[in-house]
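Fold and contact review
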Amino acid sequence: MSSKNTTHSSVARYFDTMDYGPAPESDTDARHWLASHAEGFGHFIDGRFTTASAGAHFETAEPATGRRLARIAQGSAQDVDAAVAAARAAQPGWLALGGHGRARHLYALARMVQRHARLLAVVEALDNGKPIRETRDLDVPLVARHFYHHAGWAQLQEREFADQVPLGVVGQIIPWNFPLLMLAWKIAPALALGNTVVLKPAELTPLSALLFAELAAQADLPAGVLNVVTGDGATGAALVAHEGVDKIAFTGSTDVGRLIREATAGSGKSLTLELGGKSPFIVFDDADIDAAVEGVVDAIWFNQGQVCCAGSRLLLQEGIATDFIARLRRRMQSLRVGSPMDKAIDMGSLIDPTQLERVRALVATGVREGATCYQAPGTLPPGGSFFPPTLLTNVHPASTVATEEIFGPVLVTMTFRTPDEAVALANNTRYGLAASVWSETIGLALGIAPQLQAGVVWVNATNLFDAGVGFGGYRESGYGREGGREGCYEYLKPRAWAERKPRTAAVVAVAVQAANETSKIQAKPTSTLPAIDRTAKLFIGGKQVRPDGELSHPVFAASGWRLGEVGTGNRKDIRNAVAAARAATGWSSATPHRRAQALYYLAENLSARADEFAARIASLTGVTARAAQAEVDASVSRLFAYGAWADKYEGTVHVPPLRGVALATVEPMGVVGVVCPDEAPLLSFVSLFAPLMAMGNRTVIVPSEKHPLIATDFYQVLETSDLPAGVINLVTGPVASLAQTLAEHDDVDALWVFGAKELSRNAERLSVGNLKRTLVDHGLATDWHDPASAEGALFLRHATQVKNIWIPYGE
């Protein structure tokens with residue numbers, strides 16, 4: 001009787017106080033699984049667990065308690081070798097299964113995740129410190145969704161990606177903040193499209209990857225298709241450097257992303273980087289304030305703020321700022337920090353003491369720099385790496401906490417007056433991963449979204465994800481996309497490019513000889529009149545200009561006859577050209593129809609001077625008049641092709657599983673540097689600038705070093721084609737030094753380099769400053785006359801970046 005009375009008293013007390021009682025999730029099954037590996041986990045290679053080659057191990061701890069959790073194998077270069085060898089051996093058979101065979105396996109993996117959802121969710125919460133309700137209700141269902149979605153792409157691969165082939169062996173390195181979800185984001189598309197995988201999970205959170213691999217083997221995934229090698233940064237570095245790996249997919253910090261870009265430069269490895277962020281959360285004065293407050297909670301205190309796209313910068317329109325902050329503080333008072341296994345808490349533990357100290361230090365720095373700190377009241381659990389929800393107001397846009405990624409539950413606030421000021425503040429960051437816009441005026445929200453330099457924009461929402469909607473960033477948030485059709489291309493390469501051969505002098509000579517057929521080349525001009533001296537200038541900002549150094553260099557015909565001189569550009573000329581391109585912003589906002597008309601007009605004017613260009617090509621390269629004319633005709637056709645594409649290469653509408661849509665819009669990269677090869681000097685030149693121009697980019701082009709007169713002749717076509725100043729800029733001169741300047745220039749957004757292998761390596765290596773996106777040929781010869789190799793969607797994809805704008809609808 002007394003027990004019953006005590007229960008009634010307890011229930012009554014909760015109704016009086018409205019306090020939450022504990023609601024612990026059982027971790028019994030997870031503990032039993034850990035106990036079955038009490039002696040330590042090995043690597044998962046070729047379908048089974050193996051011991052570490054060097055016998056080294058390290059221990060991981062529960063973030064919420066600091067207690068030992070598991071003993072993990074430390075991977076060595078030998079372990080990575082074994083994993084890559086297993087993946088390489090398995091890849092032909094995995095590809096030979098065909099799309100339907102792979103689809104069945106991915107479907108089995110999705111069902112496996114659903115059957116073991118509770119075990120996966122508990123292991124993830126123990127290993128990472130995040131609340132069980134997040135792993136149970138968000139992470140694990142989305143993991144299953146990724147495998148279901150990509151099973152569909154496997155089934156459709158032969159039809160939808162008929163001109164593409166898989167890359168081969170993919171090395172994947174995932175972070176500790178979403179260990180299982182990041183695994184799914186990377187493994188699902190790679191396996192679906194015929195690749196095999198070597199995965200290196202984060203040192204701090206390897207357990208869900210090891211559990212997944214174990215369950216995948218039980219689900220009959222063929223041995224060697226998925227391999228997991230655990231370890232620290234040295235293990236990841238060994239995977240990045242391995243010559244048997246065809247692609248690296250990395251999610252993590254921007255600093256490490258730079259190191260990986262440098263390490264893979266010139267290797268020919270494909271690379272995608274999903275890096276840090278400092279995402280703006282913009283609230284206009286007509287927003288639903290209470291809804292926006294809840295949005296802030298999800299934006300920054302979800303997963304303890306350890307989210308790359310966390311809405312960590314709150315930008316409030318001045319008229320609502322005071323009210324909004326007051327409501328937000330009240331809401332913070334109800335947030336509960338506690339054990340991850342408690343289903344009634346809002347926040348768990350940060351990942352480890354090191355991260356906890358980093359967050360503390362950055363908050364202290366913010367206060368020293370003038371910010372006002374407010375932290376939600378309440379007692380933090382003892383023993384773990386807990387930090388309270390934190391709000392910093394009176395933050396200056398240039399302060400440390402406004403510019404640096406804190407990666408913790410810390411929100412900084414600033415105010416704005418006008419929409420233009422909101423955009424300026426939002427874009428005042430070197431990152432560009434995500435943004436949220438809150439307004440009840442949908443026209444305002446959709447007007448702001450395209451102006452934000454971010455790969456994902458949520459309208460009246462935040463932290464929405466789906467396997468069918470691409471995710472990825474701009475600028476120092478990395479490049480490449482994960483999810484959706486655009487994410488599939490990251491694990492494929494064009495069939496035509498897979499068959500290219502290294503560019504050598506012998507290959508070029510054979511091509512010229514074949515083109516010549518039986519014609520002979522004149523040794524020198526037949527005219528008896530002396531030639532009028534002409535030195536071709538640079539073309540910058542719509543004008544012919546002398547090079548900064550007032551230097552020039554000679555250009556010779558194939559016969560050895562001196563044809564003239566061109567300006568020798570230098571670093572200052574590149575800077576001037578970049579500035580002119582940056583100023584030509586109107587071209588990026590021009591309608592696709594306007595850009596199409598400009599390309600058609602270029603084609604018309606080039607066609608009118610076809611004989612002149614054909615003669616120039618013949619004299620410079622040594623090809624016959626017939627071959628030279630064919631190159632001009634192909635160039636006119638290519639301009640027409642991109643005129644056609646200009647208003648037809650468009651985005652799409654995704655329909656994710658929510659009431660709403662996601663608009664996948666294609667946007668220009670911005671200012672793009674282009675380095676042209678020597679072969680087919682007119683056609684390659686046109687083939688590189690035309691897709692960029694069609695998509696609204698502005699270019700700084702270094703023409704063929706051997707045959708620059710083709711490009712300098714072409715600027716006379718540009719001058720008569722009503723093209724806005726700064727859209728195309730030409731700087732002739734030594735390719736190696738000019739390409740280096742473009743690669744190092746932080747105001748260049750992307751770089752295309754075709755030519756010697758060393759040019760490609762340097763372009764990738766030197767582009768790490770602002771992590772510009774590169775398209776290089778690694779010294780492989782492109783058949784510029786072949787549309788499959790040199791025209792179309794491949795170049796258009798590299799000329800654009802995809803922004804996904806999420807628009808929920810309904811009440």
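The residue count restarts for each chain, going from 1 along the sequence in the order it is written. It should be noted that, the model being predicted, local features are given only for residues of pLDDT at least 70 and side-chain atom pairs only at 80 or more, the latter also being counted only at that level, while totals for whole chains, interfaces and linings use all residues. By convention in this description, side-chain values take in all heavy atoms of the structure and omit both hydrogens and water.

Observations regarding empty space enclosed by the protein
The definitions used throughout rest on a 1 Å grid laid over the protein atoms alone, on which a cavity is an enclosed set of points accommodating a 1.4 Å probe that cannot get out and a pocket is an open set flanked by protein within 12 Å on both sides along at least five of seven lines; lining residues are those having an atom within 4 Å of a point. Grid points are joined across faces, edges and corners, and a volume is the space filled by probe spheres set on the points. The tally for this structure, following the rule as stated, stands at 7 cavities of 30 Å³ or more. The volume enclosed by the largest cavity comes to roughly 100 Å³. If you trace the largest cavity, you find 13 residues lining it, with Phe178, Met182, Trp185, Cys308 and Phe465 closest to the centre. Helix and strand assignments follow DSSP, with helices taken as H or I runs no shorter than four residues and strands as E runs no shorter than two, numbered in order from the N terminus. Top element by residues in the lining of the largest cavity is helix α7 (residues 179-192). It accounts for 3 residues. Under the scheme applied here, ten amino acids are nonpolar (Ala, Val, Leu, Ile, Met, Phe, Trp, Tyr, Cys and Pro), four are charged (Asp, Glu, Lys and Arg), and all others, including Gly, are polar. Classifying every residue of the lining of the largest cavity by side-chain character gives 10 nonpolar, 2 polar and 1 charged.

Observations regarding the sheet that holds strand β20 (residues 535-536)
A strand pair is defined by DSSP finding two or more bridges across the two strands. Taken in spatial order, the 3 strands make up an open sheet running β20-β24-β23, and their pairing is mixed. Across the chains shown, the open sheet's two edge strands, defined by having one partner strand only, are β20 and β23 (552-556). With 2 bridges connecting them, β20 and strand β24 (residues 562-567) associate as parallel partners. Directly across from threonine 535, in β24, lies its bridge partner glutamate 565.

Here we look at the sheet that holds strand β12 (residues 313-317)
If you walk across this open sheet you meet the 10 strands as β13-β14-β15-β12-β11-β16-β17-β32-β26-β25, and the pairing is mixed. Two strands bound the open sheet, and with one partner strand each, they are β13 (372-375) and β25 (652-654). Averaged over all adjacent pairs, the angle separating strand axes in this sheet is 20°, with direction ignored. For β25 and strand β26 (residues 660-668), the ladder comprises 3 bridges, and the chain directions are antiparallel. Among the inter-strand pairings, threonine 652 is bridged to a residue of β26, identified as alanine 664. Contacts are residue-level and defined by heavy atoms, with any inter-residue pair within 4.5 Å sufficient. Note on geometry: axes are C-alpha line fits, over the in-contact stretch for helices, and angles between N-to-C directions span 0 to 180 degrees. Packed on one face of the sheet, helix α11 (residues 289-300) meets β11 (280-283), β12, β15 (410-416) and β16 (434-438) and runs near 175° to β11. On top of the sheet, helix α12 (residues 318-332) reaches β11, β12, β13, β14 (390-393) and β15; it is set at about 135° to β12, its chief contact.

Considerations on the packing of helix α23 (residues 610-621) against helix α26 (residues 709-719)
Where α23 meets α26, the closest approach of the two axes is 10 Å, and the angle between their N-to-C directions is 170°. With respect to α26, the element α23 is oriented roughly antiparallel. The residues of α26 that touch α23, namely those facing Phe613, Arg616, Ile617 and Leu620, are Leu709, Ile710, Asp713, Phe714 and Val717. Residue composition of the contact of α23 with α26, grouped by class: 7 nonpolar, no polar and 2 charged. For classification purposes, an angle smaller than 35 degrees is called roughly parallel, one larger than 145 roughly antiparallel, one from 65 to 115 roughly perpendicular, and anything else oblique.

Here we look at the pattern of salt bridges
Here a salt bridge means any side-chain nitrogen of Lys or Arg lying within 4 Å of a carboxyl oxygen belonging to Asp or Glu. Across all of its chains, the model carries 35 salt bridges by this definition. When the shortest N-O distance is used, the salt bridge between arginine 31 and aspartate 27 registers 3.0 Å. Burial classes follow relative accessibility: with a 1.4 Å probe on protein chains only, a residue under 20% of its type's maximum area counts as buried, one over 50% as exposed, and anything between as partly exposed. Judged by relative accessible area, which is 22%, aspartate 27 ranks as partly exposed. Shared partners join several salt bridges into a network, and the residues in it are Asp255, Arg258, Glu404, Arg430 and Glu476.

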